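Architecture and fold: a report
What follows is each chain in one-letter form.
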Amino acid sequence: MRLRALAKINLGLDVVRKREDGYHEVRMIMQTIKMYDQLDMQKIKQPGIRLQTNLPYLPVNENNLVYKASKLLMDEFGIREGLTIDLKKVIPVAAGMAGGSSDAAAAMMGVNKIFGLGLSRRDLMQRATAIGADVPYCILRGTALAEGIGERLTELSPMPQGYVLIGKPGVSVSTKFVYGNLNAAGLASHPDIDGMIAALEARDFYGVASRLENVLENVTIPAYPVIADIKQKMRDWGAVNALMSGSGPTVFGLFDDREKAEYAHTRLKKSRLVRQSFLTTFYNNGGRHE
């Protein structure tokens, strides 16, 4: 069975407060894009999970979310047969695009189908929280408001179509570092999440794009100024707006015209500001799920 694990970007990311348990309470708008890792999964008679990837530095044991997510369901349902998983990574690693979480989500959906577990999407989402805060969203997909630590999800009107330019510089950012250095109580401004939701309902591409904001930039950009440089260049080359996704360092630019987007992509690749770049569009599933 072949599955696609789709990447996400954050159209808006706000941190409401730091909780007593050390976690940060967030309010963010998540959007799936047409960029994906590929999982080839197959049932085998021998017990256990055999995982391999195209990136030699990734773990292939319980330290990999794909392995962990598959084992969670197989243990719960007492599955005695085994599973082989071939994971082909395309989504940049440690990039703020939920690549690992999306891989885990795809693995859960695959195990559910391969072994005929009969779990609904909601059933899978409930179990996915044990793997990671972003995994339930990666099962849901589309456009959604995420609250709490990211596990409380509300489906939103789909993002009007446009073009998305992705640029990842040659740095890696620790999510723990970013949240650990964020002064949630001292933020000077907060994203207009409610205004963005209204713009989505009105199918107003420019209304959404004009409200792009991510409070984590307050920490990540001073540590990695190249992020600000990429954002500015994307705007200079025709983006309606640009933003860092998640805790970074990936930057995305929103374009209303394919020619502008392709021109910007060409310039970005030649700029040496990024190590990886992709041009894609939004993935929307119409807000209807089982």
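Residues numbered from 1 in each chain as written. Predicted model: local features only at pLDDT ≥ 70, side-chain atom pairs only at ≥ 80, totals over all residues. Heavy atoms only, no water.

What follows deals with the UniProt feature "binding site: ATP" (unreviewed entry) in the chain. Within the UniProt annotation, "binding site: ATP" (unreviewed entry) is assigned to Pro92, Val93, Ala94, Ala95, Gly96, Met97, Ala98, Gly99, Gly100, Ser101 and Ser102. Here Met97 lies in the loop between β4 (82–88) and α2 (99–114). For Met97, the contacting residues outside a window of four places in its chain are Ala7, Lys8, Ile9, Ile33, Met35, Ile91, Pro92, Ile166 and Thr250. As for its placement among the helices and strands, Ser102 is situated in helix α2. Given the relative accessible area of 2%, Ser102 is considered buried. (UniProt positions renumbered as here; feature names shortened; annotations may be inferred. Helix = DSSP H or I, 4+ residues; strand = E, 2+ residues; numbered from the N terminus. Contact = heavy atoms within 4.5 Å. Buried < 20%, exposed > 50% of the residue type's maximum accessible area, 1.4 Å probe, protein only.)

For the rest of this paragraph, the subject is a positive patch on the surface. A surface patch of positive charge is lined by Lys233, Arg267, Lys269 and Lys270. By residue number, the principal contributor to the positive patch is helix α10 (residues 258–271), which donates 3 residues. Note on placement: Arg267 falls in helix α10. Here Arg267 falls in the partly exposed class, since its relative accessible area comes to 35%. (Patch = residues over 30% accessible without salt bridge, like charges linked within 9 Å, V, L, I, M, F, W, Y side chains within 5 Å. Areas by Shrake-Rupley, 256 points an atom, 1.4 Å probe, with all protein chains shown as cover. Salt bridge = Lys/Arg side-chain N within 4 Å of Asp/Glu carboxyl O. Lys, Arg positive; Asp, Glu negative; His and termini not counted. Charge placed at Lys NZ, Arg CZ, Asp CG, Glu CD.)

Another point: the pattern of salt bridges. It is possible for side chains of opposite charge to pair when their charged atoms get near one another. All told, the structure shown has 14 salt bridges when counted by the stated rule. In this structure, Arg27 and Asp194 form a salt bridge, with 2.8 Å as the shortest nitrogen-oxygen distance. Here Arg27 is found in strand β2 (residues 24–44), whereas its partner Asp194 is found in helix α6 (residues 193–201), with 167 residues between them in sequence. The partner of Lys89 in a salt bridge is Asp37, and the shortest N-O contact between them spans 2.5 Å. Taken together, the positions of Lys89 in the loop between β4 and α2 and Asp37 in strand β2 put the pair 52 residues apart, joining distant regions of the chain. Both residues of the pair, Lys89 and Asp37, count as buried. Among the ionic contacts, a cluster of salt bridges with common partners joins Arg27, Glu147 and Asp194.

Moving on, we get to unusual backbone geometry. Here the residue pair Gly248 and Pro249 is connected by a cis peptide bond, since its omega of 5 degrees sits within 30 degrees of zero. Looking at the secondary structure, you find Pro249 in the loop between β9 (241–244) and β10 (251–255). Of note in the backbone geometry, Ala94 takes a positive phi value of approximately 55 degrees without being a glycine. By the secondary structure assignment, Ala94 is in the loop between β4 and α2. Positive phi values are uncommon outside glycine, yet Arg141 reaches one of about 65 degrees. Mapped onto the elements, Arg141 comes out in the loop between α4 (135–140) and β5 (143–148).

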